[in-house]
Amino acid sequence: SAPQPEMTSIFLKPDEFTDYGKWMDGWETRRKRIPGHDWCIIQLGVPGIVHGFEVNTSFFAGNSAPRISIQAALDLPEFWPRGDRIGTAASDEELKAVKKMKSDEWTLLVPMKELKPRYLDTSHNYFSASCKRKWTHIRLNIYPDGGIARFKVYGAVQKDWSASGPNDLDDLVAMENGGICVGFSSAQLGHPRNILGLGRATSMEDGWETARRPDRPPVLKADEKGILLMPGNEWAVFRLAHPCVITHIEIDTNHFKGNFPDTCKLEACVLNTEEEKEYITQKWNLKQNPKWNPLLSFTKLKPNKRHFFDGTALQMQDVITHVRLVIVPDGGVSRMRLWGFPRTLLYTSK
């Protein structure tokens, strides 16, 4: 199924014009008056297995691209990006460099497709990739010309771990390294995958926030350690980028000031591909759940703050493949970092 559209900041400035026409928040080409069609080449932020695409034509009413196709390539030589040069076309030198790459012969992932009408409620166009392999570059073709507000590539990061030594410390849950959210209990503002993103969160929406639990008691009580006594919790499960041993943890509640969790804990286990698929199918509600082992015990959290935990706070030093972040009772987390060392997994949980 196609990913659900998220809130994306696409700006409409109806009264703003440039020397080349109306200002649009996206990519718009000039009206074509020569043979051919328009295209652009995009280097992916990280190599990965591409599953699908979203082409968003919001606000391009009357001037959107009517059709697109998408091609892909792997491991191209480096070339200088054009940068932001509004009002210009590719130079003869740039066209010669692109011709050497033979981009028009790249693998076709999406054949020519028509885009839906260009209204806000129908502007999100989703396409599945015909060949789910690792790619590094994308060629987006529009026929013959027009505009696109946003272009998204959905997939899974595939890092080359052969370049990492046994003593190289990595963030093994980071999205840029291949960490993936594979299940969660609740998401009201922001998907749990956001907490694996780059840098610190730019807003609450750039993190993960759950709804308020309806089973919270009318009067809250705490134990002798100050931890709230609550009947339930929220959780999210993540597949690590590589089997590893975790040595350092960071939980960041940046931006969550009146809606941060009271406490959190981390659990870990080892799952093979078949087991993970089964649990995902059952939404992690199987009677025989994975044998979660404690990695970080329940810990009080503070608002709008980075919380760091070193090896002395961790409860296991075994090789793991998956973690579950549990927050009590609900609330928001902006980032999670799990630093450790990649290891070879010599066994599975079965």
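Note that the structure is a prediction, hence the values are computed from the model and not measured.

## A short note on the overall build of the protein chain
Counting its regular elements, the protein chain contains two helices and 20 strands. Overall, the C-alpha framework of the protein chain stretches about 75 × 50 × 35 Å when taken along its three principal axes. Split into buried and exposed, the 350 residues of the protein chain put 41% on the buried side. Within the protein chain, contacts between residues separated by at least 24 positions form 80% of all contacts whose residues are at least 6 apart in sequence.

## What about unusual backbone geometry?
The linkage connecting tyrosine 143 with the following residue, proline 144, adopts the cis geometry, with an omega of -15 degrees. As for its placement among the helices and strands, proline 144 is situated in the loop between strand S8 (134–143) and strand S9 (147–148). Of the consecutive residues valine 328 and proline 329, the connecting peptide bond is found in the cis state with omega at -10 degrees. Within the element layout of this structure, proline 329 appears in the loop between strand S18 (320–328) and strand S19 (332–333). One non-glycine residue with positive phi stands out, namely aspartate 75, at about 55 degrees. By the element assignment, aspartate 75 lies in the loop between strand S5 (67–73) and helix H1 (92–101). Relative accessible area serves as the criterion here: at 59%, aspartate 75 is assigned to the exposed category. The phi dihedral of histidine 255 falls on the positive side, at around 80 degrees, and the residue is not glycine. Within the secondary structure, histidine 255 sits in the loop between strand S14 (234–252) and strand S15 (263–269).

## Quick notes on the nonpolar core
Formed by 31 residues in total, the largest nonpolar core has its most connected members in Phe238, Ile249, Val323, Leu325 and Met336. Of all the elements in the fold, those that place two or more residues in this core are S14, S15, strand S16 (293–300), S18 and strand S20 (335–342). Element by element, the count of residues in this core is highest for S14, at eight residues. The residues touching methionine 336, leaving out its near neighbours within four places in the chain, are Asp171, Val173, Ile195, Leu196, Phe238, Glu250, Ile251, Leu266, Val323 and Leu325. Residues Cys40, Leu140, Ile142 and Ile148 belong to the second largest nonpolar core, which totals 19 residues.

## Notes on the side chain of serine 186
Mapped onto the elements of the fold, serine 186 is located in the loop between strand S12 (180–184) and strand S13 (208–209). Taking the relative accessible area as the measure of exposure, serine 186 reaches 15% and is therefore buried. Looking at serine 186, its side chain comes within polar contact range of the main-chain nitrogen of alanine 211, at 3.5 Å.

## Overview of the packing of aromatic side chains
Going through the model one piece at a time under the given rule, you end up with three aromatic pairs. Here the aromatic rings of phenylalanine 53 and phenylalanine 151 are separated by 5.9 Å at their centres, their planes lie at 5 degrees, and the arrangement is stacked. Residue phenylalanine 53 is located in strand S4 (residues 38–56), and its partner phenylalanine 151 is located in strand S10 (residues 150–157); the two are separated by 98 residues in the primary sequence. Its relative accessible area of 1% is what places phenylalanine 53 among the buried residues.

## Some remarks on the pattern of salt bridges
Enumeration over the complete set of coordinates arrives at 13 salt bridges. We note a salt bridge from aspartate 252 to arginine 200, for which the minimum N-O separation is 2.9 Å. Within this pair, whereas aspartate 252 is found in strand S14, its partner arginine 200 is found in the loop between S12 and S13, the two being separated by 52 residues in sequence. On the accessibility criterion, arginine 200 (39% relative accessible area) is partly exposed. Three or more residues are tied together by salt bridges with common partners; here these are Arg213, Asp215 and Glu234.

## So, the environment of asparagine 285
Position of asparagine 285 relative to the elements: it lies in the loop between helix H2 (273–281) and S16. Given the relative accessible area of 59%, asparagine 285 is considered exposed. Sequence separation between asparagine 285 and leucine 345 is 60 residues, and the spatial gap between their C-alpha atoms is 26 Å.

## Things to note about the pairing of S15
The buried fraction of S15 amounts to six of the seven residues, a majority that puts the element mostly inside the structure. Inspection of the sheet shows S15 paired to S18 by seven bridges, in the antiparallel sense. Residue leucine 266 lies in a different strand from S18, and its bridge partner there is leucine 325.

## Here we look at the confidence of the model for the protein chain
Residues at a pLDDT of 70 or more form 93% of the protein chain, whose mean pLDDT is 89. Considering only residues more than four positions removed or in separate chains, one finds that residues 1–7, a stretch of pLDDT under 50, has eight contacts.

## Describing the state of the cysteines
Inspection of the entire model under this criterion finds zero disulfides. Summary of cysteine pairing: cysteine 244 is not part of a disulfide, and the nearest cysteine sulfur, belonging to cysteine 269, is at 12 Å. Note on cysteine 244: relative accessible area 0%, which makes it buried.

What counts, and at which threshold
- Residues numbered from 1 in each chain as written.
- Predicted model: local features only at pLDDT ≥ 70, side-chain atom pairs only at ≥ 80, totals over all residues.
- Heavy atoms only, no water.
- Helix = DSSP H or I, 4+ residues; strand = E, 2+ residues; numbered from the N terminus.
- Buried < 20%, exposed > 50% of the residue type's maximum accessible area, 1.4 Å probe, protein only.
- Contact = heavy atoms within 4.5 Å.
- Core = buried A, V, L, I, M, F, W, Y, C linked by side-chain atoms within 4.5 Å.
- Polar contact = N/O pair within 3.5 Å; in protein donor to acceptor, adjacent residues only side chain to side chain.
- Phe/Tyr/Trp six-rings, centres within 6.5 Å; stacked < 30°, edge-to-face > 60°.
- Salt bridge = Lys/Arg side-chain N within 4 Å of Asp/Glu carboxyl O.
- Pairing = 2+ DSSP bridges.
- pLDDT = per-residue confidence, 0-100.
- Disulfide = S-S within 2.5 Å.

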